[in-house]
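Structure at a glance
In case you want the letters, here they are:
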Amino acid sequence: MNKENIEEFIIESNAIEKVYSKKAIEDTLEAWGWLNEECSQKTFGLMDLLIVHKIIMKNQEPVIAGKLRAELKIDVQVGGRE
């Protein structure tokens, strides 16, 4: 997948979440680059996931960036159910 296709995919994916800022696209591209550099030759683990989350969320929701819900003590509801 080339850079243009990756960026187009990210724009579409972010739109699903109603996220349209240029910075959000840049942060996600940064995370994609990190993944390709750091995880291409190893098994992807929880710490890698948290790093990617931190990169992507650092400018949108810095309080939760790179943290687990349990660590933040956040309750989650799906479709109005707990």
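Bear in mind the structure is a predicted one, so any value in this text is a computation, not a measurement.

Cut-offs and rules
- Residues numbered from 1 in each chain as written.
- Predicted model: local features only at pLDDT ≥ 70, side-chain atom pairs only at ≥ 80, totals over all residues.
- Heavy atoms only, no water.
- Helix = DSSP H or I, 4+ residues; strand = E, 2+ residues; numbered from the N terminus.
- Buried < 20%, exposed > 50% of the residue type's maximum accessible area, 1.4 Å probe, protein only.
- Contact = heavy atoms within 4.5 Å.
- Axes fitted to C-alpha atoms, helices over the stretch in contact; angles between N-to-C directions.
- Parallel < 35°, antiparallel > 145°, perpendicular 65-115°, else oblique.
- Left-handed = near helix turned anticlockwise from the far one by under 90°.
- Nonpolar A, V, L, I, M, F, W, Y, C, P; charged D, E, K, R; others polar.
- Salt bridge = Lys/Arg side-chain N within 4 Å of Asp/Glu carboxyl O.

Moving on to the overall build of the chain. Counting its regular elements, the chain contains four helices and zero strands. Listing the helices and strands of the chain from first to last along the sequence gives α-α-α-α. On the principal axes, the C-alpha backbone points of the chain span a range of 40 × 30 × 20 Å. For the chain, buried positions account for 23% of its 82 residues. Summarising the internal contacts of the chain: among those between residues at least 6 apart in sequence, 25% fall at separations of at least 24.

Further remarks concern the environment of Leu35. Counting through the fold element by element, Leu35 comes out in helix α2 (residues 22-38). Leu35 sits in the partly exposed class, given a relative accessible area of 24%. Along the backbone, Leu35 and Val52 are 17 residues apart, and their C-alpha atoms lie at a distance of 7.5 Å. Other than its neighbours up to four places away in sequence, Leu35 contacts Ser40, Phe44 and Val52.

Where α2 meets helix α3 (residues 46-57), the closest approach of the two axes is 8 Å, and the angle between their N-to-C directions is 155°. Classed by the angle they form, the pair α2 and α3 counts as roughly antiparallel. Between α2 and α3 lies a crossing whose hand is right-handed. Side by side, α2 and α3 meet where Asp27, Thr28, Glu30, Ala31, Trp34 and Leu35 of the first sit next to Asp48, Ile51, Val52, Ile55 and Ile56 of the second. Along the lines of polarity and charge, the residues of the contact of α2 with α3 split into seven nonpolar, one polar and three charged.

So, on to the pattern of salt bridges. Taken as a whole and judged by the stated rule, the model has five salt bridges. Between Lys23 and Glu26 there is a salt bridge, and its shortest N-O distance comes to 3.8 Å. Separated by three residues within a single helix, Lys23 and Glu26 lie in helix α2, roughly one turn from each other. Assessed through its relative accessible area of 40%, Lys23 is described here as partly exposed. Between Lys42 and Asp48 there is a salt bridge whose closest N-O contact spans 3.0 Å. Assessed through its relative accessible area of 43%, Lys42 is described here as partly exposed.

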